[in-house]
Amino acid sequence: MPPSPAARRGAGRPAGRPRGKAAAAPRREWLARWWKVALLVGLVTLGLPLAHALFGEIFALLGGAVLFGFLLGRWTAGV
């Protein structure tokens, strides 16, 4: 009698860390998180003063709050 499909899938795989795409996924996730942090810092340090100079204090504060809320909501939606 031939082995079941489940037994064939697990056969020949050594125990330990995964290789290939599964091993690269945590690194990619970590890098994506830091790109988001860099984007947020860049928007605060460059975008808010620029918006303040071009449109005024009220627009810069309200626009920054709306943009930060939108970005934070998008980034944490899958959690």
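How each quantity is defined
- Residues numbered from 1 in each chain as written.
- Predicted model: local features only at pLDDT ≥ 70, side-chain atom pairs only at ≥ 80, totals over all residues.
- Heavy atoms only, no water.
- Helix = DSSP H or I, 4+ residues; strand = E, 2+ residues; numbered from the N terminus.
- Buried < 20%, exposed > 50% of the residue type's maximum accessible area, 1.4 Å probe, protein only.
- Areas by Shrake-Rupley, 256 points an atom, 1.4 Å probe, with all protein chains shown as cover.
- Salt bridge = Lys/Arg side-chain N within 4 Å of Asp/Glu carboxyl O.
- Patch = residues over 30% accessible without salt bridge, like charges linked within 9 Å, V, L, I, M, F, W, Y side chains within 5 Å.
- pLDDT = per-residue confidence, 0-100.

Asker: Can you explain the overall build of the chain? Please cite residues and give values.
Answerer: Helix and strand content of the chain: 3 helices and 0 strands. Buried positions account for 4% of the 79 residues belonging to the chain. Split by element, the accessible area of the chain, about 7200 Å² in all, is 70% carbon and sulfur.

Asker: Tell me about the pattern of salt bridges, residues and numbers included.
Answerer: With the rule as written, the count across this model stands at 1 salt bridge. Residues Arg-33 and Glu-29 are paired through a salt bridge, measuring 3.5 Å at the closest nitrogen-oxygen approach. On the criterion of helical spacing, the pair formed by Arg-33 and Glu-29 is a turn pair, its members being 4 residues apart in helix 2 (residues 21–55). The exposure class of Arg-33 is partly exposed, given its relative accessible area of 44%. Among the residues examined, Glu-29 registers a relative accessible area of 51% and is labelled exposed.

Asker: Break down a nonpolar patch on the surface for me, citing the residues and quoting the values.
Answerer: Where nonpolar side chains cluster on the molecular surface, the patch consists of Trp-30, Leu-31, Trp-34, Trp-35, Val-37 and Val-41 and spans about 660 Å² of accessible area. Within the secondary structure layout, Val-37 lies in helix 2. Residue Val-37 is classed as partly exposed on the basis of its relative accessible area of 35%.

Asker: A description of the confidence of the model for the chain should follow, citing residues and the corresponding values.
Answerer: Scored by pLDDT, the chain has a mean of 79; 67% of the residues are at 70 or more. The secondary-structure element of the chain with the lowest mean pLDDT is helix 1 (residues 5–10), recorded at 62, while helix 3 (residues 57–75) shows the highest, at 90.

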